[in-house]
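For reference, the chains in residue letters:
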Amino acid sequence: MKKTSTLLADGRELIHYDSAEAVVRDAVDQRPLEPVATTSEIRHDRLLGDTVTVASHRQGRTYHPPADQCPLCPSKPGRLTEIPAADYNVVVFENRFPSLAGAQGRCEVVCFTSDHDASFADLIPARARLVLDAWTDRTRELSQLPGVVQVYPFENRGEEIGVTLGHPHGQIYAYPFTTPRTALMLRSLTAHRERTGRNLFDDILADELADGSRIVLTGEHWTAFVPYAAHWPYEVHLYPNRRVPDLLGLDEYARAEFPHLYLELLRRFDRIFGPGQPPTPYISGWHQAPFTGGGLTGADAADRRDFALHLELFTIRRTSGKLKFLAGSESGMSAFVNDVPPESAALRLREVASR
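Bear in mind the structure is a predicted one, so any value in this text is a computation, not a measurement.

A few points about the overall build of the protein chain
Scanning the protein chain from N- to C-terminus turns up seven helices and 15 strands. For the protein chain, the C-alpha atoms occupy an extent of roughly 60 × 50 × 45 Å along the three principal directions. Taking all 355 residues of the protein chain together, 53% fall into the buried category. Sequence-distant contacts in the protein chain: of pairs separated by 6 or more residues, those separated by 24 or more amount to 65%. With an accessible surface of roughly 16,600 Å², the protein chain has 52% of that area assigned to carbon and sulfur atoms. Within the protein chain, the 46 negative side-chain charges are centred at a point lying 2 Å from the centre of the 39 positive side-chain charges.

Digging into helix H2 (residues 180-196)
Here H2 contains 17 residues, and its C-alpha end-to-end distance of 24 Å stays within 8% of the 24 Å for a straight helix at 1.5 Å per residue. Within H2, burial applies to Thr182, Met185, Leu186, Leu189, Thr190 and His192. One side of H2 carries all its buried residues, which in axial view fall inside an arc of 165°. Across from the buried face of H2, at angles greater than 90 degrees, the exposed residues are Arg187, Glu194 and Arg195. Directly after H2, the chain includes Gly197, whose backbone phi takes a positive value near 80°.

Re the nonpolar core
Generally speaking, nonpolar side chains in soluble globular proteins are found buried as a group. In terms of nonpolar packing, the biggest core is built from 52 residues, with Phe120, Trp135, Val216 and Trp286 touching the most fellow members. Counting residues per element, this core draws most heavily on helix H4 (residues 252-269), which supplies eight residues. Core analysis: the second largest hydrophobic core is formed by 13 residues, Leu8, Cys70, Ala85 and Val91 among them.

Here's the deal with the sheet that holds strand S5 (residues 90-94)
If you walk across this open sheet you meet the 11 strands as S1-S2-S5-S6-S8-S7-S12-S13-S11-S10-S9, and the pairing is antiparallel. The sheet is open, and its two edges are formed by strand S1 (2-7) and strand S9 (215-218), each paired on a single side. Direction aside, neighbouring strands of the sheet carry axes that sit 20° apart on average. Alignment of strand S11 (residues 234-240) against strand S13 (residues 310-315), held across five bridges, turns out to be antiparallel. Paired with Glu235 across the strands is Phe314, a residue of S13. Of the strands in this sheet, S9, strand S10 (222-225), S11 and S13 touch helix H3 (residues 200-211), which is tilted by about 70° from S10.

Observations regarding the packing of aromatic side chains
Per the stated rule, a full pass over the model turns up 19 aromatic pairs. Centre to centre, the rings of Tyr175 and Phe177 are 5.4 Å apart; their planes meet at 50°, and the pair counts as tilted. Each member of the pair, Tyr175 together with Phe177, is buried. Between Trp222 and Phe258, the aromatic rings sit 5.4 Å apart at their centres with planes inclined by 55°, giving tilted as the arrangement. Of this pair, Trp222 sits in strand S10 while Phe258 sits in helix H4, and the two are 36 residues apart along the sequence. By the burial criterion, Trp222 is buried, and Phe258 matches it. An aromatic cluster is built from Phe112, Phe120, Trp135, Trp222, Phe258, Tyr262 and Trp286, whose rings are joined through pairwise contacts. Arg304 extends its terminal NZ or CZ atom over the ring of Phe291, reaching a point 4.5 Å from the ring centre.

A look at the environment of Val340
Position of Val340 among the secondary structure elements: in the loop between helix H6 (328-333) and helix H7 (342-351). Considered as a pair, Val340 and Trp232 are 108 residues apart in the sequence and their alpha carbons are 7.9 Å apart.

Some points on the packing of helix H1 (residues 125-142) against H4
Interaxial distance between H1 and H4 falls to 9 Å at its minimum, and their mutual angle equals 120°. Relative to H4, H1 is oriented oblique. Judged by the twist between their axes, the crossing of H1 over H4 is right-handed. Across the interface between the two elements, Pro125, Ala128, Arg129, Leu132, Asp133, Trp135 and Thr136 from H1 touch Glu252, Arg255, Ala256, Phe258, Pro259, His260 and Leu263 from H4. Taken together, the residues of the contact of H1 with H4 break down into eight nonpolar, two polar and four charged.

Considerations on the side chain of Arg304
With respect to the helices and strands, the residue Arg304 is situated in helix H5 (residues 299-306). The class for Arg304 is buried, based on a relative accessible area of 13%. A polar contact is formed between the side chain of Arg304 and the side chain of Asp246, at a distance of 2.3 Å.

Side note on H4
The terminal C-alpha atoms of H4, which comprises 18 residues, lie 27 Å apart, in line with the 26 Å expected from a rise of 1.5 Å per residue. Along H4, 13 of the 18 residues are buried, which leaves the element largely enclosed by surrounding structure. Looking at where H4 begins, the residue whose side-chain oxygen comes 3.2 Å from the main-chain nitrogen of Tyr253 is Asp251.

Thresholds, definitions, all that
- Residues numbered from 1 in each chain as written.
- Predicted model: local features only at pLDDT ≥ 70, side-chain atom pairs only at ≥ 80, totals over all residues.
- Heavy atoms only, no water.
- Helix = DSSP H or I, 4+ residues; strand = E, 2+ residues; numbered from the N terminus.
- Buried < 20%, exposed > 50% of the residue type's maximum accessible area, 1.4 Å probe, protein only.
- Contact = heavy atoms within 4.5 Å.
- Areas by Shrake-Rupley, 256 points an atom, 1.4 Å probe, with all protein chains shown as cover.
- Lys, Arg positive; Asp, Glu negative; His and termini not counted.
- Charge placed at Lys NZ, Arg CZ, Asp CG, Glu CD.
- Expected span 1.5 Å × (residues − 1).
- Arc of directions from axis to C-beta.
- Core = buried A, V, L, I, M, F, W, Y, C linked by side-chain atoms within 4.5 Å.
- Pairing = 2+ DSSP bridges.
- Axes fitted to C-alpha atoms, helices over the stretch in contact; angles between N-to-C directions.
- Phe/Tyr/Trp six-rings, centres within 6.5 Å; stacked < 30°, edge-to-face > 60°.
- Lys NZ or Arg CZ within 6 Å of the ring centre and 35° of its normal.
- Parallel < 35°, antiparallel > 145°, perpendicular 65-115°, else oblique.
- Left-handed = near helix turned anticlockwise from the far one by under 90°.
- Nonpolar A, V, L, I, M, F, W, Y, C, P; charged D, E, K, R; others polar.
- Polar contact = N/O pair within 3.5 Å; in protein donor to acceptor, adjacent residues only side chain to side chain.

What follows is the structure, encoded as structure tokens:
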């Protein structure tokens, strides 16, 4: 992998990731941009114990531009975009409208391909591997920034999810705090260790493999399954078979196999609801352990060693033409009700395997 870092006209960092060392990336951003101004403020909720980021500047972010005005496509004569180059493979750059910025974290955009009409599922394995390498590199770099505690690479796909740009892309949030969802996992991890002396993630994976009814697909180094208590109609967790705390811990064997299994999962998601249906909206994100550089010590450091990197992929579509809305019970009380039995979801995801 070749990595080329440069600056955009307003001082934001942009990084090209290429598979070929001979590729030259020297295009200059010609836009007359003003420095980015952010108003991010992190507030602690004393009642719930979680954290809310207030970012009013994001109200003015780009919203559903026509394809010929997409800011994530390569630049060309007469139309300058966020990527100055005339073509690219994988690009990462600082978000122009970040939720987190400065001493309070960082937000980055990851463009998977220069092809506006493609999706992640359309990538060849070599390109998907390049994206994995970019996620890993950004995790390494962002975790070393002052105050960053957790790094979360993710993709939102589909207008139903709230995506405002149609170009295939994801984001990376570098949080200055441990997110509430991870905090819950760490609490369960500690309680299970104290009660049984075993690792919770290891036991979950072993139990799913032993049961088998919720397994979607397996490889030599990865296992994909619908969790026993899935929150979403179709939800898959992808675990490396060898537990590691973050993307940095994956060995070459796991890295080489990942693109094939992940692309297969995404293609199956697009087949769930039958032929002729629009692409399935989804959220896909890497859950990584908080970093000790963020201030973890003692028992917290033990939690980091015991944490298991995994990817969670889910859709909010529950059946053809119908979405799973988070209404009273879910939004008001964080008590989920799932309309699709996890065993049925797993069966469907096995049925729609690539031919």
